Amino acid sequence: MKAKKAKKAQSTAAPLLLYGATQLVTMRGGNVARRSAAMRDVGLIEDGAVLISGGKIVAVGTTDELHKDAWLKQNKRRVEEIDCSGLVLIPGFVDSHTHTVFTAPRLIDFEKRIAGASYEEIAEAGGGIRSSIAGVRGAPESGLAALALDAFDRMMEHGTTTIEAKSGYGLSVDAELKSLRAIKLAASEFAGTIVPTLLGAHVPPPEFRERPDEYVKIICEEMIPKAARGKLARFVDVFCERGAFTLKQTERIFEAATEHKMRIRAHIGQLSETKLASLLRFQPVSLDHLDFVGDADVRQLAKSEVVATLVPGANYFLATEAYAPARKLIDAGVAVALATDFNPGSSPMLSMPFALSLACTQMKMSPAEALAASTINGAASLALADRKGSIEVGKDADIALFELDDYREIAYWFGDNRCVGVVVNGVPLDDDVA
Ligand code: NIG
Ligand code: FE
């Protein structure tokens, strides 16, 4: 298996020179999210080269510049070289919002929606998120891990090297912790980087439907402490929405998460607007969806460090009338990220290039903005901007290679996959490019 090969290769990886790239998109600009005009500066180098050693980027420039590098000259014989002519190189995509632990597609929901039922109507009738619970509760940890690893590998085939993965379909203490352990197991077999998130507050499970506060109490007093003790999740997420959790319940969960030193993110404004003020005081690292967000909140977000993670795959699949107001957010100075929201209900899409295409055609983001949103800003939304999301000296050498002449084509050829390989922690993963 590709992923295993990479793990083994890592310890013995030779220094690596990628040279002759038709375009090298560095996304340079430091370890912070890009905003406004900075999102449109992709740091393009033609005939670009990257030198990698010990899994880190040690030099970036034109091929000519790097060939003059003193260290490279001295170590030439032990450096593996890859000719990247005809390729566009970008920082590996950071997919900062995925729900990877589920067992089956929801085809009945799919057909019902095609016939005219809404996402909320289906959920109220017992479909939706609740119909994914039995599969996860009944599956062994190893089975869930195998499914998650399969999804991670497919994502990587599309150029994604860092993935946030949520639990959220077990919805009991045992099944949520099992889901997180499955993510950990899959992560240990995966060449890229996985960031686990506890989404025990996805919806109240059927047995707590009439007494959701009791379920919230269990999340706060059992689930979060156990996940924290086992170091099973970096973030706590809540689906704050009608039919899921109220603002008050969300605040209680965030208080518990904060007590246990876990960072916070939330699904918010997907189906209706929720005022953000009371959540912003918890300093969430990311607020996701934001299809409905008021102008005053847009201004607050622009002043904050919070990343707004937009997931147009969910709008596409649910065929919503409107997408999130990306233009308004970017123009106001909000740090906008893009993610797939890979899940069986609203976004069975694991391709970041397709997310970019949707961002451009449906949300009027430029290809450059979409790339910034899906690399450095995705990294910022996972508090990883110091290591991921740009091709700069000192960062992890995570790079995606596309058989294209121009980076804008990544969003242009929608439905196709032009990614021909990735370099992960300095290790080239596709035989075609190695
Ligand atoms: O991000 N909104 C909540 N969670 C998912 C949908 C999950 C599902 O329908 O299974 C989302 O769209
Ligand atoms: Fe989601």
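In the block above lies the structure referred to throughout.
This is a predicted model, so every value here is computed, not measured.

**Student:** Please explain the coordination of the iron ion (ligand 2) as it appears in this structure.
**Tutor:** Six octahedral donors around a metal ideally sit at 90 or 180 degrees from one another, while four tetrahedral donors ideally sit at 109.5 degrees. Donor atoms from the polypeptide that coordinate the iron ion (ligand 2) comprise H97 (NE2), H99 (NE2), H267 (NE2) and D341 (OD), at 2.0 to 2.3 Å from the metal. Spacing between the donor residues of the iron ion (ligand 2) along the chain follows H-x1-H-x167-H-x73-D. Placement of the pair is H99 in the loop between β6 (93–95) and α4 (107–114) and D341 in the loop between β13 (335–338) and α15 (352–363), with a sequence separation of 242 residues. The buried category is assigned to H99, whose relative accessible area is 2%. For D341, a relative accessible area of 1% puts it in the buried group.

**Student:** Would you take a moment to explain empty space enclosed by the protein for this structure?
**Tutor:** A probe matching the size of a water molecule, rolled over the atoms, marks out where space remains unfilled. In this structure the tally under the stated criterion is 4 cavities of 30 Å³ or more. Surrounding the largest cavity, 13 residues form its lining, H99, Y119, H202, N343 and S346 being those nearest its centre. Its residues placed into classes, the lining of the largest cavity shows 4 nonpolar, 7 polar and 2 charged.

**Student:** Please explain the layout of surface pockets as it appears in this structure.
**Tutor:** If you add up the space inside the largest pocket, you get close to 380 Å³. Lining of the largest pocket is provided by 19 residues; of these, L271, L318, A319, T320 and E321 occupy positions nearest its centre. Broken down by element, the lining of the largest pocket gets its largest block of residues, 3 residues, from α4. Its residues assigned to classes, the lining of the largest pocket comprises 11 nonpolar, 3 polar and 5 charged.

**Student:** Help me understand the site of ligand 1 in this model?
**Tutor:** What surrounds ligand 1 is a group of 15 residues, the closest being Y119, Y169, Q270, D341 and S346. One of the side-chain N or O atoms of R106 is found 2.8 Å from an oxygen atom in ligand 1. Within the side chain of H289, a nitrogen or oxygen atom sits 2.9 Å from an oxygen atom of ligand 1. Against a free-state accessible area of 330 Å², the protein chains account for coverage of 100% of ligand 1. Cavity membership is defined here by more than half of the atoms lying within 2 Å of grid points; on that basis ligand 1 lies in the largest cavity. Of the residues assigned to the shell around ligand 1, the class counts are 4 nonpolar, 9 polar and 2 charged.

**Student:** What should I look at first to understand the sheet that holds strand β7 (residues 160–166) in this one?
**Tutor:** Strand-to-strand pairing in sheets goes through backbone hydrogen bonds, with the strands running parallel or antiparallel. Ordered in space as β6-β7-β8-β9-β10-β11-β12-β13, the 8 strands form an open sheet in which the pairing is parallel. Each edge of the open sheet carries a strand with a single partner, namely β6 and β13. For this sheet, the mean angle separating the axes of adjacent strands, direction not counted, is 25°. Packed onto the sheet, helix α16 (residues 367–374) meets β6 and β13 and runs at close to 85° relative to β13.

What counts as what
- Residues numbered from 1 in each chain as written.
- Chains lettered and ligands numbered in written order.
- Predicted model: local features only at pLDDT ≥ 70, side-chain atom pairs only at ≥ 80, totals over all residues.
- Heavy atoms only, no water.
- Donors = N, O, S within 2.8 Å, 3.2 Å for Na, K, Ca; no water.
- Helix = DSSP H or I, 4+ residues; strand = E, 2+ residues; numbered from the N terminus.
- Buried < 20%, exposed > 50% of the residue type's maximum accessible area, 1.4 Å probe, protein only.
- 1 Å grid on protein atoms, 1.4 Å probe; cavity = no way out; pocket = protein on both sides within 12 Å on 5 of 7 lines; lining within 4 Å.
- Points joined across faces, edges and corners; volume = space filled by probe spheres on them.
- Nonpolar A, V, L, I, M, F, W, Y, C, P; charged D, E, K, R; others polar.
- Near = heavy atom within 4 Å.
- Polar contact = N/O pair within 3.5 Å; in protein donor to acceptor, adjacent residues only side chain to side chain.
- Areas by Shrake-Rupley, 256 points an atom, 1.4 Å probe, with all protein chains shown as cover.
- Sits in = over half its atoms within 2 Å of the grid points.
- Pairing = 2+ DSSP bridges.
- Axes fitted to C-alpha atoms, helices over the stretch in contact; angles between N-to-C directions.
- Contact = heavy atoms within 4.5 Å.

That is the geometry; function is a separate question.
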